[in-house]
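Read off the chains here:
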Amino acid sequence: KRNSGHASSINSIKWYPLDTGIFVTGSSDKSVQVWDTNEMKAVEKFTFSGYVYHTDFSPRNGKTSHLIATALSNDQIRLCDIRTGSHSHTLRGHCSAVNNVVWSKRNSNGLMSCGQDGKIIMWDIRKSNAAMHYFDRENGSSQMAHGGSVFTMSQTEGGLFLVSHGQDQHIRCWDIISGENTMIKFWCYT
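None of the values given here were measured: they were computed from a predicted structure. (Residues numbered from 1 in each chain as written. Predicted model: local features only at pLDDT ≥ 70, side-chain atom pairs only at ≥ 80, totals over all residues. Heavy atoms only, no water.)

**Focus: the sheet that holds strand β8 (residues 86–92)**
If you trace the four strands from one edge of the open sheet to the other, you get β5-β6-β7-β8, paired in antiparallel fashion. Looking at strand neighbours, the two that pair on one side only are β5 (52–57) and β8, the edges of this open sheet. Averaged over all pairs of adjacent strands, the angle between their axes in this sheet comes to 25°, without regard to strand direction. Sheet topology note: the strand β7 (residues 76–81)/β8 ladder contains six bridges and is antiparallel. When the sheet's bridge partners are listed, Leu79 is paired in β8 with His89. (Pairing = 2+ DSSP bridges. Helix = DSSP H or I, 4+ residues; strand = E, 2+ residues; numbered from the N terminus. Axes fitted to C-alpha atoms, helices over the stretch in contact; angles between N-to-C directions.)

Right, here's the structure in full:
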């Protein structure tokens, strides 16, 4: 499965946390490629039915450290196994494109995603009905994190809180374990 590179723009690039000689790229050509810096070329390619907007490796050494999470334009998250070269899971719960995926720093089976549907979802990849909870801006009355697309998110160093930014021009801070909005207000536009 060797190839010479992407046929379209690269939207995401990540180093493999357990081997600094490997990185992955996700592209609008609907593929993820695994690159080996020693060989100076792509050594594996995963293809999808949607554009790849974002990729992330599990940051923890353990049962999920070989998985690449991919955020796709066709409302899915696909997990790719770099050991076997195959897709291992498909996570469905978004109603439109998935913009970003982030592995939990505290739970090696936890994965968070955000999408153009305004949702942020916490997943447990061990379960068939993998959605653990939705991050709810009203803490109980909706499954919406933002009014419009959620562009990006990042967790704190210890993995206790998640910060997200959305089309509604809000930056929100979340308790990762419960999914509750901390109600700390950040205004990113004047």
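**Quick look at the side chain of Ser164**
With respect to the helices, strands and loops of the structure, Ser164 is situated in strand β14 (residues 161–166). With a relative accessible area of 2%, Ser164 lands in the buried category. A polar contact is formed between the side chain of Ser164 and the side chain of Trp174, at a distance of 2.9 Å. Not counting residues up to four positions away in its chain, the partners in contact with Ser164 are Ile120, His146, Val150, Thr152, Met153, His170, Ile171, Arg172 and Trp174. (Buried < 20%, exposed > 50% of the residue type's maximum accessible area, 1.4 Å probe, protein only. Polar contact = N/O pair within 3.5 Å; in protein donor to acceptor, adjacent residues only side chain to side chain. Contact = heavy atoms within 4.5 Å.)

**Side note on the nonpolar core**
With 14 residues, the main nonpolar core has Ile77, Leu79 and Leu111 as its most contacted residues. Listed by contribution, the elements that provide at least two residues to this core are β6 (67–72), β7, β9 (98–103) and β11 (120–124). Excluding anything up to four places from it in sequence, Leu111 contacts Ala69, Ile77, Leu79, Leu91, Val101, Val102, Trp103, Ile121, Met122, Trp123 and Ile125. (Core = buried A, V, L, I, M, F, W, Y, C linked by side-chain atoms within 4.5 Å.)

**A few points about the environment of Ser73**
Tracing the sequence through the fold places Ser73 in the loop between β6 and β7. In this structure Ser73 comes out as partly exposed when scored by relative accessible area, which is 22%. Sequence spacing of Ser73 and Phe46 is 27 residues, and the spatial spacing of their C-alpha atoms is 15 Å. In this view, Ser73 contacts Gly50, Tyr51, Tyr53 and Ala97; residues no more than four positions away in its chain are not counted.

**Concerning the pairing of β9**
Within β9, six of the six residues are buried, leaving the element largely enclosed by the surrounding structure. Of the strand pairs in this sheet, β9 and strand β10 (residues 110–115) are connected by five bridges, and their pairing is antiparallel. Within β10, the position partnered with Val98 by the bridge is Gly115.

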